[in-house]
Amino acid sequence: LETRIHGVESGAENTGFLGGTIANKGGQAVKLVVDNTSLCFVSSHLAPHEGRKNCDARNANVSSIMEGSLNWMGKKDMDLGSQYHHCFWMGDMNYRSEVPSEDGAEMSKEERHEHVRSLIAQKDWPTLHAYDELSREVAENRVLCDWTPLPCDFAPTFKVERDQTMEKYNPKRLPSYTDRMLVRSMPGYRDSLAHAEFTSCPEFTSSDHKP
């Protein structure tokens, strides 16, 4: 297989504290060509916490990773997502759930948690997706324009209690789909991808995520 792979390039972009000098957040990317098909994979860990300000910080992180990648791979005058036949963006992207107010009345933190936990118990994934920050930001062209988030037909993966095999959520954080994957293909190539499976790992107990 290695004789079929060529054009490998990779690099990393820090977006952490002190202007990105601390590598606690950021992204890594690798580009390669298999036969005549170019592929790009990006793994990222974005800014945490709830709220509009922190969502904007995540969007800025994505832009920094996009722009930074042009310094170490691909064509400098093209958007990363437009250079390859297929691109995949994945990782702990940290986008959160945002529960809307009911009848103009703001819900308390406890009420929001109870509401989301109720939806999880009912396996009402469509309603939970309606609260998903990443899906909204993509749809409104504020981040990763023309990328497609893979559907999360499972319970939110964050924030769970450690050492729990089932989803037992920490009440300090609203359950959210922080662990994600998106795809973007060149026009005319999307149908050549087959979506086999995208799911969480509830048996993974050493983290506060079920990635």
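Only a predicted model underlies this, so the values are computations on that prediction, with no experimental measurement involved.

The rules behind the values
- Residues numbered from 1 in each chain as written.
- Predicted model: local features only at pLDDT ≥ 70, side-chain atom pairs only at ≥ 80, totals over all residues.
- Heavy atoms only, no water.
- Helix = DSSP H or I, 4+ residues; strand = E, 2+ residues; numbered from the N terminus.
- Rg over C-alpha atoms; globule rule 2.2 N^0.38 Å.
- Buried < 20%, exposed > 50% of the residue type's maximum accessible area, 1.4 Å probe, protein only.
- Contact = heavy atoms within 4.5 Å.
- Areas by Shrake-Rupley, 256 points an atom, 1.4 Å probe, with all protein chains shown as cover.
- Lys, Arg positive; Asp, Glu negative; His and termini not counted.
- Charge placed at Lys NZ, Arg CZ, Asp CG, Glu CD.
- Phe/Tyr/Trp six-rings, centres within 6.5 Å; stacked < 30°, edge-to-face > 60°.
- Lys NZ or Arg CZ within 6 Å of the ring centre and 35° of its normal.
- Polar contact = N/O pair within 3.5 Å; in protein donor to acceptor, adjacent residues only side chain to side chain.
- Core = buried A, V, L, I, M, F, W, Y, C linked by side-chain atoms within 4.5 Å.

**A look at the overall build of the protein chain**
And step 1. A count of helices and strands for the protein chain gives 5 helices and 6 strands.
And step 2. Helices and strands in the protein chain line up, N terminus first, as β-α-β-β-α-β-α-α-α-β-β.
And step 3. A compact globule built from 211 residues should have a C-alpha radius of gyration of about 17 Å, and the protein chain, at 18 Å, falls within 12% of that.
And step 4. Taken across its 211 residues, the protein chain has 43% of its residues classed as buried.
And step 5. Across the protein chain, the fraction of contacts at a sequence separation of at least 24, relative to all contacts at a separation of at least 6, is 64%.
And step 6. Per element, the accessible surface of the protein chain, about 11200 Å² overall, is 52% carbon and sulfur.
And step 7. When the 24 basic and 32 acidic side-chain charges of the protein chain are each reduced to a single mean position, those positions are 4 Å apart.

**A short note on the packing of aromatic side chains**
The geometry of two aromatic rings is summed up by the distance between their centres and the angle between their planes.
And step 1. Under the counting rule described, the total for this entry stands at 4 aromatic pairs.
And step 2. Arranged with centres 5.2 Å apart and planes meeting at 10°, the rings of Phe 41 and Phe 88 form a pair that is stacked. Taken together, the positions of Phe 41 in strand S3 (residues 37–45) and Phe 88 in strand S4 (residues 86–92) put the pair 47 residues apart, joining distant regions of the chain.
And step 3. Of the residues examined, Phe 41 reaches a relative accessible area of 30% and is grouped as partly exposed.
And step 4. Relative to Phe 198, the ring of Phe 154 has its centre 5.6 Å away and its plane inclined at 70°; by these criteria the two rings are edge-to-face. Of this pair, Phe 154 sits in the loop between strand S5 (148–149) and strand S6 (179–185) while Phe 198 is found in the segment after S6, placing the two residues 44 residues apart along the sequence. Taken individually, Phe 154 and Phe 198 each receive the classification buried, so the pair is uniform in this respect.
And step 5. A cation over an aromatic ring shows up here: Arg 58 above the ring of Tyr 95, its NZ or CZ 5.3 Å from the ring centre.

**Observations regarding the environment of Lys 168**
And step 1. Residue position: Lys 168 is located in the loop between S5 and S6.
And step 2. Taking relative accessible area as the criterion, Lys 168 reaches 48% and is therefore assigned partly exposed.
And step 3. For the pair Lys 168 and Phe 158, spaced 10 residues apart in sequence, the C-alpha separation works out to 9.7 Å.

**With respect to the side chain of Thr 15**
And step 1. Mapping Thr 15 onto the fold places it in the loop between strand S1 (5–14) and helix H1 (17–20).
And step 2. A distance of 3.2 Å separates a polar atom in the side chain of Thr 15 from the backbone nitrogen of Gly 26.

**Digging into the nonpolar core**
And step 1. Counting residues in hydrophobic clusters, the biggest one holds 21 residues, and the most contacted among them are Trp 89 and Leu 144.
And step 2. Those elements that provide at least two residues to this core are S3, helix H2 (52–69), S4 and helix H5 (133–139).
And step 3. At 4 residues, the largest contribution of residues to this core is made by H2.
And step 4. In contact with Trp 89, not counting residues within four places along its chain, are Val 42, Ser 44, Val 62, Ile 65, Met 66, Leu 144, Trp 147, Arg 180, Met 181 and Leu 182.
And step 5. Membership of the second largest hydrophobic core comes to 20 residues, among which are Met 107, Val 116, Tyr 169 and Tyr 177.

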